[in-house]
Amino acid sequence: MKGICILGSTGSIGVSTLDVVARHPDQYNVIALTAHTNIEVLFEQCLRFQPDYAVVVDEAHAQLFIKKIENTAVKNLTILSGSPALEKVARLEKVDSVMAAIVGAAGLLPTLAAAEKGKTILLANKEALVMSGDLFMQTIEKSGATLLPIDSEHNAIFQCMPANYQTGQTAKPVRRILLTASGGPFRETPVKELINVTPEQAVAHPKWDMGRKISVDSATMMNKGLELIEACLLFNIAPDAIQVVIHKQSIIHSMVDYVDGSVLAQMGNPDMRTPIAHAMAYPERFDSGVSPLDIFEVAHMDFEKPDLERFPCLRLAKEAIEMGGMMPTVLNAANEIAVEAFLNEQIKFTDIAILIEKTMHYFTQEIIDDLTHTIQNFSNEPSCALNLILAVDARARVETKTFMAAF
Ligand code: NAD
Ligand code: MG
């Protein structure tokens, strides 16, 4: 029996993870579930899976949750609130695997805590990896933690890697990675009409049913940009050895091109339970509940090069990883602020890329050096890298909001 902690259990990935867990009660025991504010879904999950811990990050919702759980069939449940509780449950002795399924930077500290503790990390929360980069990968290496990708493309690439491949290594016989993308809902919308896109149109993804933030990221193709950075880190490969491929059917989830000319692809119906079950059973396999692929129904597949004029966010992500240093942290923070503002109807769809680009330009080496100096004066060596990441993340958010206010 493995103990699992699901960070962000009430979200799209969290719910799919519990669906897989329910199919294998003899193999997985739910130790901890966490939510931000969605206490209705968390309550149902606690009734069904009887975890030891439930975290409700938001204090007011935690109080409501405590009341809700009184005199119910949920027994011996420890209820915690506040962000530090996420780190606490990720570190628990009884936890073997941590599903990192919180959206955005809020997932960084608990995922890093799990990495420090040497847990098996099932990584859906790509923002945590993008913003912390080398620090994250070094933490994994130092503690001997196992890092398994949940993002469907990275899980596909991992499955196509040589036998005994571990994330973070360079696979020498690999020439290129072909990172597939659906192209989102606006693949064919005339570019001049993109300015009028509404949040409802942007979150209606043609192939995948996901949370709102990642759905907007898919529409701008920032999702593919973040995934490009994620792939560079997970597979220790240069950005120019990764080709983004638009494949609208979303049947091939990515490909690995070997020096001998072999190209291996992983295919399947677009359902996140496949990568989740793959990582949960690894190195074995078990049922995910996903229906078998009907290859005759698929019939044919298309592949196109992405248009960087239509999708400036993909270009910006490429520039950020090529520039390196703190630029992916800046990109991610600016994107989180811009997407939230778009979802709140404060800015236009096309403003997302404009705001990110402005924020990236603002972060000159001089500004980064300044922040580094300030951090070094106030903290000791080991926490320095993390503090710099958090400082750059916070500063980038402020600057993005300042640019937004000037619109
Ligand atoms: P979602 O919005 O459906 O769920 C997000 C979860 O995070 C919820 O449980 C929510 O309670 C929690 N959360 C939100 N803000 C929080 C905060 N400040 N503190 C603590 N918890 C907080 O998102 P999702 O679609 O499940 O995506 C989760 C992560 O997985 C994202 O990083 C996304 O990029 C990645 N991912 C998702 C999919 C997918 O198909 N949904 C595919 C690949 C990768
Ligand atoms: Mg993906």
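Quick caveat: nothing in here was measured; it's all calculated off a predicted structure.

Quick word on the overall build of the protein chain
Phase 1 of the analysis: Looking only at helices and strands, the protein chain has 17 helices and eleven strands in total.
Phase 2 of the analysis: For 407 residues, the compact-globule formula gives about 22 Å, and the C-alpha radius of gyration of the protein chain, at 21 Å, lands near that figure.
Phase 3 of the analysis: Taken over the C-alpha atoms alone, the protein chain extends approximately 55 × 55 × 45 Å along its principal axes.
Phase 4 of the analysis: In the protein chain, buried positions account for 56% of the 407 residues.

Quick look at the site of ligand 1
Phase 1 of the analysis: Within the structure, ligand 1 sits among 23 residues, and Thr10, Ser12, Ile13, Glu127 and Gly211 are positioned closest to it.
Phase 2 of the analysis: Interatomic distance of 3.2 Å between a backbone N/O atom of Gly8 and an oxygen atom of ligand 1.
Phase 3 of the analysis: Contacts to ligand 1 include Gly11, whose backbone N or O atom sits 3.1 Å from an oxygen atom.
Phase 4 of the analysis: Secondary structure elements with two or more residues in the shell around ligand 1: helix 1 (12–22) and helix 6 (126–143).
Phase 5 of the analysis: Counted by class, the shell around ligand 1 contains twelve nonpolar, eight polar and three charged residues.

Concerning the environment of Leu77
Phase 1 of the analysis: Tracing the backbone through its elements, the reader meets Leu77 in the loop between helix 3 (59–69) and strand 4 (78–81).
Phase 2 of the analysis: As a C-alpha pair, Leu77 and Ile66 span eleven residues in sequence and 10.0 Å in three-dimensional space.

Some remarks on the nonpolar core
Phase 1 of the analysis: Membership of the largest hydrophobic core comes to 140 residues, with the highest contact counts inside it found for Phe65, Phe235, Leu331, Phe349, Ile352, Ile356 and Phe363.
Phase 2 of the analysis: Ranked by residues supplied to this core, first place goes to helix 14 (residues 327–343) with ten residues.

So, the coordination of the magnesium ion (ligand 2)
Phase 1 of the analysis: At the metal site, the magnesium ion (ligand 2) is ligated by Asp151 (OD), Glu153 (OE) and Glu227 (OE), and these contacts range over 2.1 to 2.2 Å.
Phase 2 of the analysis: Going along the chain, you hit the donors of the magnesium ion (ligand 2) in the pattern D-x1-E-x73-E.
Phase 3 of the analysis: By relative accessible area, which is 7% here, Asp151 ends up buried.

As for unusual backbone geometry
Phase 1 of the analysis: Look at the link from Tyr282 to Pro283: it is a cis peptide, with omega at 5 degrees.
Phase 2 of the analysis: Checked against the element boundaries, Pro283 lands in the loop between helix 11 (273–281) and helix 12 (295–298).
Phase 3 of the analysis: Backbone geometry at Gln50 places phi at a positive 45 degrees, although glycine is not the residue there.
Phase 4 of the analysis: With respect to the secondary-structure elements, Gln50 resides in the loop between helix 2 (39–49) and strand 3 (53–56).
Phase 5 of the analysis: Gln50 sits in the partly exposed class, given a relative accessible area of 33%.
Phase 6 of the analysis: One non-glycine residue, Asn236, adopts positive backbone phi at about 45 degrees.
Phase 7 of the analysis: You can see Asn236 is positioned in the loop between helix 10 (222–234) and strand 9 (242–246).

With respect to the pairing of strand 8 (residues 174–181)
Phase 1 of the analysis: Burial of strand 8 is extensive: six of the eight residues sit out of reach of the surface.
Phase 2 of the analysis: Summarising the sheet, strand 8 and strand 10 (residues 252–258) pair through four bridges and their orientation is antiparallel. Looking at the pairing, Leu178 lines up with Met255 of strand 10.
Phase 3 of the analysis: The sheet contact formed by strand 8 and strand 9 spans five bridges and is parallel.

Observations regarding the domain arrangement of the protein chain
Phase 1 of the analysis: Taken as a whole, the protein chain is organised into domain 1 (2–149), domain 2 (151–323) and domain 3 (325–407).
Phase 2 of the analysis: The straight-line distance from the C-alpha centre of domain 2 to that of domain 3 is 25 Å.
Phase 3 of the analysis: Opposite the 26 residues of domain 2 that make contact, domain 3 presents 19 residues.
Phase 4 of the analysis: Both sides together, the interface formed by domain 2 and domain 3 hides about 1,800 Å², and carbon and sulfur atoms give 77% of it.
Phase 5 of the analysis: Looking only at domain 2, the three residues that lose the most surface to domain 3 are Ile195, Pro199 and Leu316, adding up to 25% of its buried area.

A look at the pattern of salt bridges
Phase 1 of the analysis: Scanning the model with the defined rule gives 19 salt bridges in all.
Phase 2 of the analysis: Across the pair Lys213 and Glu127 runs a salt bridge, and its minimum N-O distance is 2.8 Å. Taken together, the positions of Lys213 in helix 9 (residues 212–220) and Glu127 in helix 6 put the pair 86 residues apart, joining distant regions of the chain. Residue Lys213 shares its accessibility class with Glu127, and that shared class is buried.
Phase 3 of the analysis: Here Asp257 ties to Arg175 by a salt bridge, and the two come within 3.2 Å at their closest N and O atoms. On the criterion of sequence distance, the pair formed by Asp257 in strand 10 and Arg175 in strand 8 is long-range, its members being 82 residues apart.
Phase 4 of the analysis: The exposure class of Asp257 is buried, given its relative accessible area of 4%.
Phase 5 of the analysis: Among the ionic contacts, a cluster of salt bridges with common partners joins Lys126, Asp151, Glu153, Lys224 and Glu227.

Cut-offs used in this document
Residues numbered from 1 in each chain as written. Chains lettered and ligands numbered in written order. Predicted model: local features only at pLDDT ≥ 70, side-chain atom pairs only at ≥ 80, totals over all residues. Heavy atoms only, no water. Helix = DSSP H or I, 4+ residues; strand = E, 2+ residues; numbered from the N terminus. Rg over C-alpha atoms; globule rule 2.2 N^0.38 Å. Buried < 20%, exposed > 50% of the residue type's maximum accessible area, 1.4 Å probe, protein only. Near = heavy atom within 4 Å. Polar contact = N/O pair within 3.5 Å; in protein donor to acceptor, adjacent residues only side chain to side chain. Nonpolar A, V, L, I, M, F, W, Y, C, P; charged D, E, K, R; others polar. Core = buried A, V, L, I, M, F, W, Y, C linked by side-chain atoms within 4.5 Å. Donors = N, O, S within 2.8 Å, 3.2 Å for Na, K, Ca; no water. Pairing = 2+ DSSP bridges. Domains from an automatic or database assignment. Contact = heavy atoms within 4.5 Å. Buried area = accessible area lost by both parts, 1.4 Å probe. Salt bridge = Lys/Arg side-chain N within 4 Å of Asp/Glu carboxyl O.

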